[in-house]
Amino acid sequence: MSGSKIINKKDIGKLLSQWNEEFVILVPSKEGDTTKMAKWDGKDTGFIDWYRNTVQASKTNFFPPMEEMFSFQKDKEGYHIGLASSDKHKQLIFAIRPCDANALAILDVAFKDGYEDPYYLSRRKDTLLIGLGCINPYDSCFCTSLGSSPFDSTNVDIMFTDIGEEFFIEEVTEAGKELVAKTEGLREASKVDEAKASKVKEASYNKVTRKIDTRDIDKKLLACFENKDYWEKVSAKCISCGICTFLCPTCYCFDINDELVRKQGTRFRSWDSCAFPIYTEMPVENPRLEKWRRVRQKVCHKFEFFPMNFGVVACTGCGRCIRLCGVNWDITQAIESVPAII
Amino acid sequence: MKNNEIQQRLRQEAKTLLEQGQVEYIVGYETGSLKFTTTPLLTKNKDDTDRLIVNPFIVNNLSVYLTEIKGKVGIVAKGCDSRSVVSLIQDNKIAREDIVIMGIPCPGLIDLKKVELLLSKDRDELGNITRDEDRVVITIDGKGRDFPITEVLFDNCLECQIPTPQEYDILLGEPTTPISGNVSKRTNIKELEATPREERWNFWKEEFSRCIRCYACRNVCPACFCQRCFVEESEPQWILPTPKWQDNLIFQVIRNIHVAGRCTDCGECERVCPMNIPLRSLTRKMYEIVDELFQYKAGMDKNALPLLTAYEPTEAEDFIR
């Protein structure tokens, strides 16, 4: 593997400082006992030791829980629109997991479909993704069932692999190659390093033990769409909160609201969830008033509608929806119990 | 009685209830899909009763499902859960004759977040967690480590005064006594009260800045039974659906007032919060205020009027302060 590089783990601070001159750097960060990718403070690299994956996926960095779309104001002459101040800067996300990088590729499709979403896409365009493969996947992870793996580098610019004292670095995209070329303090990887990296990857692949069978899943779901008994059984314990959808790296539904303070208005968009009984309640009411219909929507959107429309399952197997659910509702159990086509 | 004996008896009782047609549904716990985790089991099928379990991880307050299920239900309830059931009866949300309460005297539940913090390991990296009376042994990589049980029980369990269900049809096991002489870890009401007002405001500002408005706290709460929550009203719009910290705070404060006299301190709101907001510091404080002002604890008497719907002319009027 020509061009691969090596850096010692204790030099990560130096590496990030170097990149920090050109980019705003986001790293796995703790925030009140929860975690997300947030601006690096220029010093702390402790995440190398504690980080498995963040509670909030990197989707948050491109599609935040809420954002101002524009402001508006009324005076004698009519309405005036003010565009939201954009925080345009080049950013680099360090140590993103393959599942979350893959999720961004799925969101790209959604946010480009029909209408190009400037808020999401402008942030995406100016961002470099540095992947870090997983050596310690959670018991809720199931990426290997979705054509991916703990070391999938498909959607990152540069891929890091933890080989013990050092990181093995692979260039993936042109942008990644350019950045590596101008980065100082890296040494060329040897055959031994390469072998080490392969071994780590293989071992890690085998640590993902949760499996689902996604063959023909869209067709199976289509066939079982009207199977109320199945959906009622599957949805019984769901409490219709937004944890799974909000923390899902590929869920992208949002709601739009105006805030008016005297004559000064702001239009916000914020996350919305198909799990909520009042979701999409626009002209009359939610056509999915019953819980089983909402759970069906969530599962089918990811495993049936999205693949039918865009050719890819809208789930990357990150396992957050299982890990963080208050009632242990488990999408892999739902998928595994979808009736076979007779 | 040991957990496995309780579990065995529960399975038999639940099966009998379904077989004899005394209930249409059984709501209990079964083994979850993640390590140590349990998950609610809602079933009509008597064969499923063999999956019912009782262990130190049966966290969910299952009474949250009662307002949703149509038909008679046999429900597994710990002390706090049984009070939630009673509270729902008081509020006329469910009828006593439609519920068979299978009560479990609760010795306290193990908080996996505390275990994780204690050992700097995630739950799936641990071997076993075994409780033996007032000790707990946690194994990592085959090596066992011994801790006082109070290190790992939920805060609300440490402060629980009513661990044995008072209202039940079947009591599984002997009544148990409260755990004594322990301090909670996350719920620092005293500490918060001692902080200057501005500092406290900043504390909550920071905490509620993380809220993503997933409403898990509300949806997991049996006392939050409104058909339509005030946050979802658009005419008038009490608060914005946008998760601004101020609106998040107002949401939680109003929710807290709505569940005053209904909250049984089951701690579910705080447990499910994916953003780790210490919600129990608010709900527990409200619980204490209700007790102090009205000498009232939620869900203790199914014949009592719900606290906030009843008024006696003789009542003290200095409650607005």
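Structure shown above.
Residues numbered from 1 in each chain as written. Chains lettered and ligands numbered in written order. Predicted model: local features only at pLDDT ≥ 70, side-chain atom pairs only at ≥ 80, totals over all residues. Heavy atoms only, no water.

Participant: Describe the overall build of chain A, and please don't skip the residues or the numbers.
Facilitator: Of the regular secondary structure elements, chain A holds 13 helices and twelve strands. Against the compact-globule benchmark of 20 Å for 342 residues, chain A has a radius of gyration of 22 Å, which places it among compact chains. Considered along the principal axes of its C-alpha atoms, chain A spans approximately 65 × 65 × 35 Å. The buried share of chain A, taken over its 342 residues, is 56%. Within chain A, contacts between residues separated by at least 24 positions form 73% of all contacts whose residues are at least 6 apart in sequence. Here chain A displays about 15900 Å² of accessible surface, and carbon together with sulfur accounts for 52% of that area. Placing the 48 positive and 50 negative side-chain charges of chain A at their respective mean positions leaves the two points 2 Å apart. (Helix = DSSP H or I, 4+ residues; strand = E, 2+ residues; numbered from the N terminus. Rg over C-alpha atoms; globule rule 2.2 N^0.38 Å. Buried < 20%, exposed > 50% of the residue type's maximum accessible area, 1.4 Å probe, protein only. Contact = heavy atoms within 4.5 Å. Areas by Shrake-Rupley, 256 points an atom, 1.4 Å probe, with all protein chains shown as cover. Lys, Arg positive; Asp, Glu negative; His and termini not counted. Charge placed at Lys NZ, Arg CZ, Asp CG, Glu CD.)

Participant: Tell me about the sheet that holds strand E5 (residues 129-132) of chain B, residues and numbers included.
Facilitator: Residues and elements named next belong to chain B. Here three strands make up an open sheet; going across it, the order is E5-E6-E7 and the pairing antiparallel. Strands at the two margins of the open sheet, each flanked by one partner only, are E5 and strand E7 (143-148). Adjacent strand axes in the sheet meet at a mean angle of 25 degrees, parallel and antiparallel pairs treated alike. In the sheet, strand E6 (residues 135-140) pairs with E7 via six bridges, with the strands oriented antiparallel. The partner of Val137 across the bridge, within E7, is Asp146. (Pairing = 2+ DSSP bridges. Axes fitted to C-alpha atoms, helices over the stretch in contact; angles between N-to-C directions.)

Participant: Tell me what's going on with the pattern of salt bridges, and back it up with residues and numbers.
Facilitator: A side chain of one charge can pair with a side chain of the opposite charge when the charged atoms of the two come close. With the rule as written, the count across this model stands at 49 salt bridges over all chains. Of the charged contacts, one joins Asp162(A) and Lys9(A) as a salt bridge, the two residues approaching to 2.9 Å between their closest N and O atoms. With Asp162(A) in strand E8 (residues 158-162) and Lys9(A) in the loop between strand E1 (5-8) and helix H1 (12-20), the pair connects residues that are 153 residues apart, well separated along the chain. Look at Asp162(A) and you get buried, because its relative accessible area is 13%. For Lys9(A), a relative accessible area of 21% corresponds to the partly exposed category. Across the pair Arg210(A) and Asp330(A) runs a salt bridge whose closest N-O atoms are separated by 2.7 Å. Within this pair, whereas Arg210(A) is found in the loop between helix H7 (191-207) and helix H8 (217-223), its partner Asp330(A) is found in the loop between helix H12 (320-323) and helix H13 (331-336), the two being separated by 120 residues in sequence. With relative accessibility at 13%, the residue Arg210(A) sits in the buried group. Through salt bridges with shared partners, a single ionic network connects Glu159(B), Asp265(B), Arg280(B), Arg284(B) and Glu288(B). (Salt bridge = Lys/Arg side-chain N within 4 Å of Asp/Glu carboxyl O.)

Participant: Requested: an account of the packing of aromatic side chains, with residues and values cited.
Facilitator: All names here are of chain A. The full count for this structure, using the stated rule, is 26 aromatic pairs over all chains. With a centroid separation of 6.1 Å and 70 degrees between ring planes, the pair formed by Phe47 and Phe94 is classed as edge-to-face. Here Phe47 is found in helix H2 (residues 47-50), whereas its partner Phe94 is found in strand E6 (residues 91-96), with 47 residues between them in sequence. When the ring centre of Phe62 is taken as origin, the NZ or CZ atom of Arg124, which lies over that ring, is 5.8 Å away. Against the face of Tyr138 rests Arg323, its NZ or CZ located 3.8 Å from the ring centre. (Phe/Tyr/Trp six-rings, centres within 6.5 Å; stacked < 30°, edge-to-face > 60°. Lys NZ or Arg CZ within 6 Å of the ring centre and 35° of its normal.)

Participant: Tell me about the pairing of strand E5 (residues 78-83) of chain A, residues and numbers included.
Facilitator: Residue and element names in this part refer to chain A. Taken together, the six bridges between strand E4 (residues 66-75) and E5 define a ladder with antiparallel strand orientation. In the strand pairing of E5, Lys74 is matched with Tyr79. Joining the antiparallel neighbours E4 and E5 is a turn of two residues.

Participant: Quick rundown of the interface of chain B and chain A? Include the residues and the values.
Facilitator: At the junction of the two partners, chain B supplies 37 residues and chain A supplies 43 residues. Area buried by chain B at its contact with chain A is led by Ser33(B), Leu34(B) and Ile212(B), which between them contribute 16% of it. Across the pair Arg52(A) and Glu125(B) runs a salt bridge, and its minimum N-O distance is 3.9 Å. If you look at where chain B meets chain A, you find 20 residue pairs in polar contact (both at pLDDT 80 or more). Tallying contributions element by element places strand E2 (residues 38-43) of chain B first for the side of chain B that touches chain A, with four residues. Per-class residue counts for the side of chain B that touches chain A are 15 nonpolar, ten polar and twelve charged. (Buried area = accessible area lost by both parts, 1.4 Å probe. Polar contact = N/O pair within 3.5 Å; in protein donor to acceptor, adjacent residues only side chain to side chain. Nonpolar A, V, L, I, M, F, W, Y, C, P; charged D, E, K, R; others polar.)

Participant: Explain unusual backbone geometry to me, using residue names and the numbers behind them.
Facilitator: Residue and element names in this part refer to chain A. Positive phi, close to 50 degrees, is recorded for Arg262, a residue that is not glycine. Note on placement: Arg262 falls in the loop between strand E11 (254-261) and strand E12 (264-271). Judged by its relative accessible area of 80%, Arg262 falls in the exposed class. If you check the backbone angles, Asn328 has positive phi at about 55 degrees while not being a glycine. Assignment of secondary structure puts Asn328 in the loop between H12 and H13.

By themselves, these figures tell us nothing about what the structure is for.
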